[in-house]
Structures are given as structure tokens and as C-alpha cells.
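Residue strings, one per chain:
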Amino acid sequence: MPELPEVETIVRALQTNVGASIKNIEIRRKDILRLEEFPTAELHGRTIKNIRRRGKFLIFELGSDLNLIFHLGMSGRFYMQAATEEPVEKHIHVIMNLNNGISLIYQDPRRFGGVWLVRDRERFFSNMGREPLSSGFTAVYLEGILKQRKAPVKNLLLNQHLISGIGNIYADESLFTAGIRPDRPAASLSRQEIKKLHRSIRKVLRQGIKLRGTTFRDYRDAFNESGGFQDYLKVYGRQNQPCQQCGKLIQRIRIAGRSTHFCTNCQR
DNA sequence: CGCTAGTCCTGTCTGC
DNA sequence: TGCAGACAGGACTAGC
């Protein structure tokens, strides 16, 4: 469920724990661990040097040689609570108790997410596409991704090896803002359209972050609170409702197995 | 190599 | 109220 703006929101809230150290870590479900070797003993006593995001991944830097990395999948949550509070909810898989009295809780009912313990962070992320809000994500880079490819443009926006962090909601919203149908073959976009799409992606993601993410169903931030961007969605989840720009009913189709929302009049 | 369909899992909502 | 079926902010993979 969480895409770039949601993970970014969580990371920013967790920053208050930088400098704290890990008293202990409780792994309640082993199958959420994505590595055969997962030496939890190495985590004890480690100081959290930094907390950051890469794409949809949440990274705890525990020194120059160790990173604890989470992916929230479709249904994952990551939140803080006082260590004195009992973790009562279902599907809590990891609890990290810090020496500042805070417990960090990782919860994921569907278990599409995962946890990694990674020494070489560069290598772990070597196959990932550029960050859409970084200076490296230019219109020229986007053009390079889209040209010569006949897959629907939306598929390519969702491909984490090409661009990191965009998911189903922000793909649909970016394409609406750009006025481009999601099922257009990528190679059919003109240079002007690519420029518009590039600007739209950045604009929509920035707005998503500013409003602290989208709570469409069950996303919650690190304080277990809802986001605000759901009130500003133009197409996602608005099938059969009138387009706010032209009044035509928003359509829902299926692209690459994902439900896809767009306006047949405003997007061409 | 590019692309699509199928798969993993639990919870929730809709319609009969 | 029960129950079946569809669907969900993701991402691998097998196979064409």
C-alpha cells in the first residue's frame, strides 16, 4: 500500500529516534525475514545512525557496515509506541525496543512486505531506478525509459527498476495531471507529453508528501494517523464519479492486473 | 530482452 | 447471518 510519499512520511516521523540504540529486537514471524542468514544478535546495542528512504524501502543505518531494511508491501505499517504499551494488534511481526522508551512496530497482515539485514547497501539497491524527486530524474531520463517500448506507459511508471517509488495511486494521478491515457504505448508519447508527465510526477509526489500520504483504506503513518491526500485524488478510486475538470464519468480499467482510473476526455 | 498473467497472503466489502 | 467472489498503495516468476 505505501508508495513513496507514505514511506517518506513515516521516515520523517521516525527521525526523532536517530541516536537511540536498539535494546532488543523481537521477531515474531520468521517468514518475513528475506535472508537465510539473519543474525539478530548483531543488532543488539547498535545505534541508529540515520533513517532514510529509497524508493518504497525504509532503511535504518546502524553504522557503516549494517542496514536494517523494511518493505511494507501492500498492507505493511510501521509505527511507534511507548515501550510500556502492550502491542495488541494482529500481524505484528517485528518489535524493536529502543533505549529511549520507544518501541518500533512492524505490522503486515498480507506479508507481501519483508525485512532484510544488509551490509552492502549500494549493492542491495543497484538494480533500482532513479528517485523521481532527485535531480537525476530528468525529462531526458524519462524519455530514455519510455522510448522504443510498447508497453502501456503506466506499466513503466510502476517498474521499480526504472523509477523507484511510484505505485498504483500516484501513477494514475500523475497521468491524469499530465493529460495522458494510462494505456498509451510508451513509445507513442511526444517529447512535449514526456515533459508534462515528468513535471506531473514530481508535482503529484511532492503534494502527496506535503499532505502526509494517502489513506485510501488502511495506510497509517508512524503515529498511527491517516494521511490527507485522499481528499485531493482526481481519478484513483473515483470510478463512475464525474471528472472534476470536465464532468465526464471516470473510467476504471485493468492494466497489467492493476485497476486503473482515468478520464477519457481529459486524458488522451 | 520485453511483456503478460499468475502467484503469494489476509481482510473487507458487495451481492445473492 | 451465511457465503461466494471480487478486490486491495507490491513485486517476483514462468512462459511466450
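Computed from a predicted structure; not experimentally measured. All residue numbers here refer to positions counted from 1 along the written sequence of the relevant chain. Both sets of labels track the order of writing: A upward for chains, 1 upward for ligands. Given that this is a predicted model, residues contribute local features only at a pLDDT of at least 70 and side-chain atom pairs are listed and counted only at 80 or more, while totals for whole chains, interfaces and linings are drawn from all residues. By convention in this description, side-chain values take in all heavy atoms of the structure and omit both hydrogens and water.

Examining the protein's contact with DNA strand C
- Taken together, 24 residues form the shell around DNA strand C, and within it Met1, His71, Tyr236, Arg258 and Ser259 come nearest.
- Being near a molecule or strand, for a residue, comes down to having at least one heavy atom within 4 Å of it. Within 4 Å of the protein, atoms of DNA strand C come from sugar and phosphate in 53% of cases.
- The separation between a base oxygen of DNA strand C and a polar main-chain atom of tyrosine 219 is 2.8 Å.
- Between N or O atoms, a polar contact is any pair within 3.5 Å; within protein, one atom must be a potential hydrogen donor and the other a potential acceptor, and residues adjacent in sequence are included only when both atoms are from side chains. A distance of 2.5 Å separates a phosphate oxygen of DNA strand C from a polar atom in the side chain of tyrosine 236.
- Note on conventions: DSSP H or I runs of at least 4 residues are helices, E runs of at least 2 residues are strands, and numbering of each starts at the N terminus. Only helix 5 (168–178), strand 9 (251–255) and strand 10 (258–262) provide two or more residues apiece to the surface near DNA strand C.

Brief notes about the layout of surface pockets
- Throughout, the protein atoms alone are placed on a 1 Å grid, and a set of points is a cavity if a 1.4 Å probe fits but cannot get out or a pocket if it is open with protein on both sides within 12 Å along at least five of seven lines; lining residues have an atom within 4 Å of a point. Grid points are joined across faces, edges and corners, and a volume is the space filled by probe spheres set on the points. The volume enclosed by the largest pocket comes to roughly 920 Å³.
- For the largest pocket, the lining is made up of 37 residues, of which Met1, Glu3, Met74, Asn168 and Arg258 are closest to its centre.
- Of all elements in the fold, only helix 5, strand 9 and strand 10 reach the threshold of two or more residues within the lining of the largest pocket.
- A total of 3 residues in the lining of the largest pocket trace back to one element, the largest contributor, which is strand 10.
- Along the lines of polarity and charge, the residues of the lining of the largest pocket split into 14 nonpolar, 14 polar and 9 charged.
- A domain assignment, automatic or from a database, supplies the domain bounds used here. Residues from two domains meet in the lining of the largest pocket; each of domain 1 (4–121) and domain 2 (139–262) gives at least three.
- The space that makes up the second largest pocket amounts to roughly 160 Å³.
- Forming the boundary of the second largest pocket are Glu173, Phe176, Thr177, Lys203, Val204, Gln207, Phe229, Tyr232, Lys234 and Gln245.
- Among the secondary structure elements, those contributing two or more residues to the lining of the second largest pocket are helix 5 and helix 6 (191–210).
- Just so you know the grouping, Ala, Val, Leu, Ile, Met, Phe, Trp, Tyr, Cys and Pro go in nonpolar, Asp, Glu, Lys and Arg go in charged, and all remaining residues, Gly too, go in polar. In the lining of the second largest pocket, the residues fall into 4 nonpolar, 3 polar and 3 charged.

Structural notes on the pairing of strand 7 (residues 102–107)
- Taking burial as the measure, the 6 residues of strand 7 include 5 buried ones, the bulk of the element.
- For two strands to be treated as a pair, DSSP must find at least two bridges joining them. In terms of strand pairing, strand 5 (residues 77–82) meets strand 7 through 6 bridges, oriented antiparallel. Bridging from a neighbouring strand, methionine 80 pairs with leucine 104 of strand 7.
- Linking strand 6 (residues 92–98) to strand 7, which pair antiparallel, is a turn of 3 residues; within it glycine 101 sits at a positive phi near 85 degrees. Residue exposure (1.4 Å probe, protein chains only): buried if accessible area is under 20% of the type maximum, exposed if over 50%, otherwise partly exposed.

Details of the domain arrangement of chain A
- Here the domain parsing of chain A yields domain 1 (4–121) and domain 2 (139–262).
- Listed as interface residues are 16 residues of domain 1 and, on the opposing side, 19 residues of domain 2.
- Summed over both partners, the accessible surface that disappears when two parts come together, traced with a 1.4 Å probe, is what is meant by buried area. Surface buried jointly by domain 1 and domain 2 totals about 1,600 Å² across both partners, of which 62% is contributed by carbon and sulfur atoms.
- For salt bridges, the criterion is a side-chain nitrogen of Lys or Arg within 4 Å of an Asp or Glu carboxyl oxygen. The interface formed by domain 1 and domain 2 includes 0 salt bridges.
- Seen at the junction of domain 1 and domain 2, the total is 8 residue pairs in polar contact (both at pLDDT 80 or more).
- Contributions of two or more residues to the side of domain 1 that touches domain 2 are made by helix 1 (4–14) and strand 5.
- Broken down by element, the residue count for the side of domain 1 that touches domain 2 peaks at 9 residues, all from helix 1.
- When the residues that make up the side of domain 1 that touches domain 2 are grouped by side-chain class, the tally is 8 nonpolar, 2 polar and 6 charged. We call two residues contacting when some pair of their heavy atoms lies within 4.5 Å.

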